[in-house]
Amino acid sequence: MSTRADSDEGGGVFWRRSDGDAALERYRTLVGTIDDGLYQLDGDGTFVAVNDAIVGLTGYARDELLGAHVSLILADGDASAIETTVADRRAGASDDPATFELGLQAAGGETVPCELRVAPLGSVGDRRGTIGVVRDRTGQKRRLDSFEPSDAPPNTVADVLDEVDIGAFVLDDEFDIAWADETVARYFGLDRDAIVSRDKRTLVEETTKHVVAEPDRFAETVTATYDDNGSVERFECRITPGEDREERWLEHYSKPIESGRYAGGRIELYYDITDRKRSESALRESREEFRSLVDSIEEYAIFRLDPEGRVISWNAGAERIKGYDPEAILGEHFSVFYTQEARAAGVPERNLERATERGSVEDEGWRVRADGSQFWANVTISPIRDADGTHRGYLKVTRDMTERRKRERRLESELEGVFGRISDAFYAVDEEFRFTHVNDRAEDLLQHSEDELLGERLWDVFPSAAELDEVWNAFHTARETQEATSYELYYDTLGFWVEANLYPSETGISVYFRDVTERKERERYLEDAKEQLEAATEAGAVGTWEWDVTEDALVAGASFARTFGLDPERAREGLPLERVLSSVHENDRDRVAARIEDALESCGEYEAEYRVRDADGEIRWVFARGHVECDEAGDAETFPGALTDITERKRAELEAENQRRQLETLFRVLPVGAVVADADGSLVRANAAAREIWGGDVFDAESVDEYEKYDAVWADSGDPVEPEEWTMSQVLRGEEVTEPNVYEIRTFDGQRRIIMEHGMPVRDSRGDVRRAVVTLTDVTERREYRRKLEETIEQLETSNERLEHFAYAASHDLQEPLRMVSSYLRLLEDRYGDAFDADGEEFLAFALDGADRMRNMIDGLLEYSRVETQGSPLEPTDLEDIVEDVRADLQFRIEESGADVTVDRLPRVEGDADQLRQVFQNLLENAIEYSGDEPPTIRVDAERRGDRWSVAVHDEGIGIDPDDQDRVFEVFQRLHGRGEHEGMGIGLALCQRIVERHGGEIAVDSEPGEGATFSVTLPAVDET
């Protein structure tokens, strides 16, 4: 406060220029108006004027004060300090007031806590005295630096700290304990009364450090602040459990006391951050559990995309299904997995858009592996968002469903059996909403029999349902959009909470529903318990406040002000409630205001959890607690309280919830069995797929130790599986089971199944196994199929070997009698040829020709039987050299027929050069032979297809009818008479046998009169 007489004439000057009488009148009016105490001292410190408030505060009569020295009501030290400060300000030509917090000595001997503002009168060298303003601090909670002792009256900051469990020490300038609250005594297991007045250093060394996890570091950090009492100290520590204390995490915050009774001392606060630390630990463990589950699943490709669709994570299942190493695919756009047609149609981008809009999208279609091959995939894409809703990318789950497509027709026949196993209530309605099917559980819940419902309209039987918008809209939306819908509500007619899922089809709607009343009540109970738990355990207060309701002045400390983005100076003076509420997040503001209004009306407790914007505009989560104090008439007077910054805890909870939802999604959508157990062996959970594999309640066991009662043997050896050999037991011992264990089990319904198990441990921050995750896959059909396939292959190999031996023996043994027939026929021709008439010569010619053809057929059959046994090893072979050799061998036929043979660049393949020369010589000879009337036009080219080359021979000849295209590869099959074209009908069969020996295929594409294309696939050479 300044007492200068301002000479300015402007409207902002308080006194302006006035005559003496007017100024005196204004002064008297001002003194009479001010509620605070007002006095004037002369240059010797003697009272020359006091107002009524001073008389009331001190208890002295006005006559007793006037003429008395100020030391009558001030302690000697306080009077000297004030005199020194005023002298310094007068010497510095400053008339700004000085502020003191001190105790006023009343006439009755009591001390009245006050705030005193003193301003000098006159200029330098002029000892005209001082003017002082005294404000009573007794009835308000603004004594954070003084910290009243434990027997202080109510409504103090100390009371608030005790309510919100903030531990506090107040040290004097000798660093002896001047005051400590009940909370800090409970935290450290101390006797509050016994430690007051003790040296804090001694207490740390002898007592408090021994209940802290790192005692020496704790003691060194705390006592260092006493050596240099000019800094703020903040750190975290962990209290170990004991007989008189609980284990908890505390945040230590201390700073020097700069004014008041304990100026030069220090205040130390301890905030309970146990919940926050546990939330952080739970988040880490949730992440590890999620990562372990994903990494252990090999039947599914599970990976993440960034918001633009680039791959940013890759699990073992993705590598197996799609064929990409992580190094090759990370950073690539996920559209590489789609076919060219799908990319051209914008399917990848459309799937991302739908996932973002709907929360998830499921798709099936052809996908492309790294080697170019295709597979039928079932794909689920779900968007990933931060706690504040920011889009961070997508989670993509892909399963190879190629085999499923082959089994769909068979599975459709089992649909009726599936309906019989549905445990939920189920009914179906047609397009007119008439009941067509009702199962037993639905009869119970709907309180009507199936006979009463079949053929009746849903809205006629339950007219009240038609009046519920949720129900009416769900059914009509499902029918019109042919998309699944759902609703959850309390249905008065049935008297319970209903959760219903509607699945439309072309003929009507299938409805699955159940009574979820128990779940809803449990959720409500958990929500109430959560609020109570947070109110009881949130101890890390970041600020306190006191709202004077009648004056609408909310006074708060610096921490509170910073949290709400307020000016700390103005907050200490007091702000209207509306200014504080303006910092509350707009979506929470009305709710917070309503809570405050409820507390004011009931004179009761106040609790709220909401968001605020701090000075940087950042969103912070806080938990606030307070209570309203009312007068005898029930009118609210003051509203003190404290709040805690719970931002980190909320973020951890939201992130943990995201992880939990993703984990739940995997448990729900993947048919791969998944089982989770705690470190002590107790089973936590198992998904439906795991239970279906076992067909019973094996996972209702209390511990994995009970596995010994389940019958299983090792699938490969048939030896019994010991309890410690189960995958779960191995993982609980800390082993990572990446090479699967394969067991043969007897399920609860008596079936024998073969299962494959993988497992991964989930470790805590210390590396100890906290949980175990095991996945199960039913490979019974796969193993049976492989067994039958191996048997078939073995039988075919044996049969082929016998046929080859027979063909070789038959063709070899026929050579001798055939040579005899041919020799004698030629002897007849040489010796008696002149004796034959025309018919005899023709008969002899027919016999010789038949013998020659028989010899050629036997030679061809002999060559056909030797393809496997007489071939050379496969090695890198240059097809260009082979085709060039064939062209040289056929040079005369090419020139004679006028053929135009064009050969593109041909690759190197793994093959038998001699046999491949036979293949291409046969194909080129056929192209020339069957060219028709025009000179042959022939082209040879090649195309890469994954790890193989497709080499094609194109001609423009007479072509082959589609009905005959399979026959051309059979032995001795001819499509033309011998008079039309030469050949024994074994050339293409020999080509097919040679190509199959190389692991390839040969095929023909042709139409009569349009030419023919013979394609041969051969293994490519690995150039690396």
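Details of the structure are given in the entry above.
Reading the values: the criteria
Residues numbered from 1 in each chain as written. Predicted model: local features only at pLDDT ≥ 70, side-chain atom pairs only at ≥ 80, totals over all residues. Heavy atoms only, no water. Helix = DSSP H or I, 4+ residues; strand = E, 2+ residues; numbered from the N terminus. Buried < 20%, exposed > 50% of the residue type's maximum accessible area, 1.4 Å probe, protein only. Contact = heavy atoms within 4.5 Å. Pairing = 2+ DSSP bridges. Axes fitted to C-alpha atoms, helices over the stretch in contact; angles between N-to-C directions. Parallel < 35°, antiparallel > 145°, perpendicular 65-115°, else oblique. Left-handed = near helix turned anticlockwise from the far one by under 90°. Nonpolar A, V, L, I, M, F, W, Y, C, P; charged D, E, K, R; others polar. Core = buried A, V, L, I, M, F, W, Y, C linked by side-chain atoms within 4.5 Å. Disulfide = S-S within 2.5 Å. 1 Å grid on protein atoms, 1.4 Å probe; cavity = no way out; pocket = protein on both sides within 12 Å on 5 of 7 lines; lining within 4 Å. Points joined across faces, edges and corners; volume = space filled by probe spheres on them. Phe/Tyr/Trp six-rings, centres within 6.5 Å; stacked < 30°, edge-to-face > 60°. Patch = residues over 30% accessible without salt bridge, like charges linked within 9 Å, V, L, I, M, F, W, Y side chains within 5 Å. Areas by Shrake-Rupley, 256 points an atom, 1.4 Å probe, with all protein chains shown as cover. Salt bridge = Lys/Arg side-chain N within 4 Å of Asp/Glu carboxyl O.

*Asks:* Any chance you could explain the overall build of the protein here in plain terms?
*Replies:* From N to C terminus, the protein includes 35 helices and 38 strands. Looking at the protein residue by residue over its 1024 residues, the buried ones come to 42%. Counted over contacts in the protein with a minimum sequence separation of 6, partners at least 24 positions apart contribute 50%.

*Asks:* So what exactly am I meant to see when it comes to the pairing of strand 19 (residues 508–515) here?
*Replies:* The two faces of a sheet get side chains in turn, since along a regular strand they alternate between them. Across 6 bridges, the pairing between strand 15 (residues 425–430) and strand 19 is antiparallel. Bridge assignment links Val 429 to a residue of strand 19, and that residue is Ile 509. Relative to strand 19, strand 18 (residues 496–505) is paired through 8 bridges, and the arrangement is antiparallel. Bridge assignment links Pro 504 to a residue of strand 19, and that residue is Ile 509. The antiparallel pairing of strand 18 with strand 19 creates a hairpin that spans 2 residues between the two strands.

*Asks:* Can you help me understand the packing of helix 32 (residues 879–889) against helix 34 (residues 913–929) in this one?
*Replies:* Packed helices, taken two at a time, are described by the angle their axes make and the gap between the axes. It is at 9 Å that the axes of helix 32 and helix 34 come closest, and there the two elements cross at 50 degrees. With respect to their mutual orientation, helix 32 and helix 34 come out oblique. The element helix 32 and its partner helix 34 pack so that their crossing is right-handed. Residues Leu 879, Ile 882, Val 883, Asp 885, Val 886 and Asp 889 of helix 32 form the contact with helix 34, whose own contacting residues are Ala 913, Leu 916, Arg 917, Phe 920, Gln 921 and Leu 924. Here the residues of the contact of helix 32 with helix 34 are counted per class, giving 8 nonpolar, 1 polar and 3 charged.

*Asks:* What is the right way to look at the environment of Phe 920 in this model?
*Replies:* Of note, Phe 920 is situated in helix 34. Taking the relative accessible area as the measure of exposure, Phe 920 reaches 2% and is therefore buried. Remark: the alpha-carbon pair of Phe 920 and Val 886, spanning 34 residues in sequence, is separated by 7.1 Å.

*Asks:* Just to check I follow, could you spell out the nonpolar core for this structure?
*Replies:* Proteins that are soluble and globular tend to have nonpolar side chains buried together. Ranked by internal contacts, the top residues of the largest apolar core, which has 36 residues, are Leu 879, Phe 920, Leu 923 and Phe 1014. Breaking this core down by element, the ones donating at least two residues are helix 32, helix 34, strand 35 (937–945), strand 36 (948–955), helix 35 (987–997), strand 37 (1002–1006) and strand 38 (1012–1019). Each residue touching Phe 1014, except ones within four places of it in the same chain, is listed here: Leu 923, Val 951, Ala 952, Val 953, Ile 960, Phe 969, Leu 988, Ala 1003 and Val 1004.

*Asks:* Help me understand the state of the cysteines, please; the structure alone is not making it clear to me.
*Replies:* In protein structure, a disulfide is the covalent linkage between the sulfur atoms of two cysteines. All chains considered together, the criterion is met by 1 disulfide. Linked covalently through their sulfurs, Cys 603 and Cys 630 form a disulfide whose S-S length is 1.9 Å. In this structure, the disulfide formed by Cys 603 and Cys 630 twists by about -100 degrees around the S-S bond and is classed as left-handed. In this pair, Cys 603 sits in the loop between helix 26 (586–602) and strand 22 (605–613) while Cys 630 sits in strand 24 (residues 629–630), placing the two residues 27 residues apart along the sequence.

*Asks:* Sorry if this is basic, but what is going on with empty space enclosed by the protein here?
*Replies:* To find leftover empty space, a probe the size of one water molecule is rolled over the atoms. One pass over the full model with this rule turns up 9 cavities of 30 Å³ or more. Volume-wise, the largest cavity comes out at about 180 Å³. Considering the residues around the largest cavity, the lining is formed by 15 residues, among which Tyr 427, Leu 446, Tyr 487, Tyr 491 and Leu 494 are closest to the centre. Breaking the lining of the largest cavity down by element, the ones donating at least two residues are strand 17 (485–491), strand 18 and strand 19. For the lining of the largest cavity, a count of residues per class yields 15 nonpolar, no polar and no charged. Estimated volume of the second largest cavity: approximately 140 Å³. Counting residues per element, the ones that place at least two in the lining of the second largest cavity are strand 20 (541–548), helix 25 (577–581), helix 26, strand 22 and strand 25 (636–645).

*Asks:* Just to check I follow, could you spell out the packing of aromatic side chains for this structure?
*Replies:* The geometry of an aromatic ring pair comes down to the distance between the two centres and the angle between the two planes. Taken as a whole and judged by the stated rule, the model has 31 aromatic pairs. For the ring pair Phe 175 and Tyr 226, a centre distance of 4.9 Å and an interplane angle of 25 degrees mean the geometry is stacked. Taken together, the residues Phe 175 in the loop between strand 6 (166–171) and strand 7 (177–180) and Tyr 226 in helix 9 (residues 215–227) connect sequence positions 51 residues apart. Taking the centre distance of 6.1 Å and the plane angle of 65 degrees together, the rings of Trp 545 and Phe 639 count as edge-to-face.

*Asks:* Any chance you could explain the environment of Val 903 here in plain terms?
*Replies:* Structurally, the position occupied by Val 903 is in strand 33 (residues 900–903). Along the sequence, Val 903 and Glu 880 sit 23 residues apart, while their C-alpha atoms lie 8.3 Å from each other. Val 903 has contacts with Val 883, Arg 887 and Val 940, leaving out every residue within four places of it along the chain.

*Asks:* Is there a simple way to explain the sheet that holds strand 35 in this structure?
*Replies:* Sheets are built from strands paired through backbone hydrogen bonds, the pairs being either parallel or antiparallel. One open sheet holds the 5 strands; their spatial order is 33-35-36-38-37, and the pairing between them is mixed. Each end of this open sheet is capped by a strand with a single partner; those strands are strand 33 and strand 37. Between one strand and the next, the sheet's axes are offset by a mean angle of 20 degrees, whatever the strand orientation. The pairing of strand 36 with strand 38 spans 8 bridges and is classified as antiparallel. Residue pairing in the sheet places His 954 in a bridge with Thr 1013 of strand 38.

*Asks:* Hey, could you run me through a nonpolar patch on the surface in this one?
*Replies:* The grouping of Tyr 785, Leu 789 and Ile 793 at the surface amounts to a nonpolar patch, some 300 Å² of accessible area in total. When you line up the elements, Ile 793 lands in helix 30 (residues 780–832). On the accessibility criterion, Ile 793 (38% relative accessible area) is partly exposed.

*Asks:* Which parts of the structure should I look at to understand the sheet that holds strand 14 (residues 391–400)?
*Replies:* If you walk across this open sheet you meet the 4 strands as 11-14-13-12, and the pairing is antiparallel. With partners counted over all chains shown, the strands left at the sheet margins are strand 11 (300–305) and strand 12 (361–368), one partner each. When the angles between neighbouring strand axes are averaged without regard to direction, this sheet yields 25 degrees. With 6 bridges joining them, strand 11 and strand 14 adopt antiparallel strand pairing. Opposite Leu 305, over in strand 14, you have Tyr 394 as the bridge partner.

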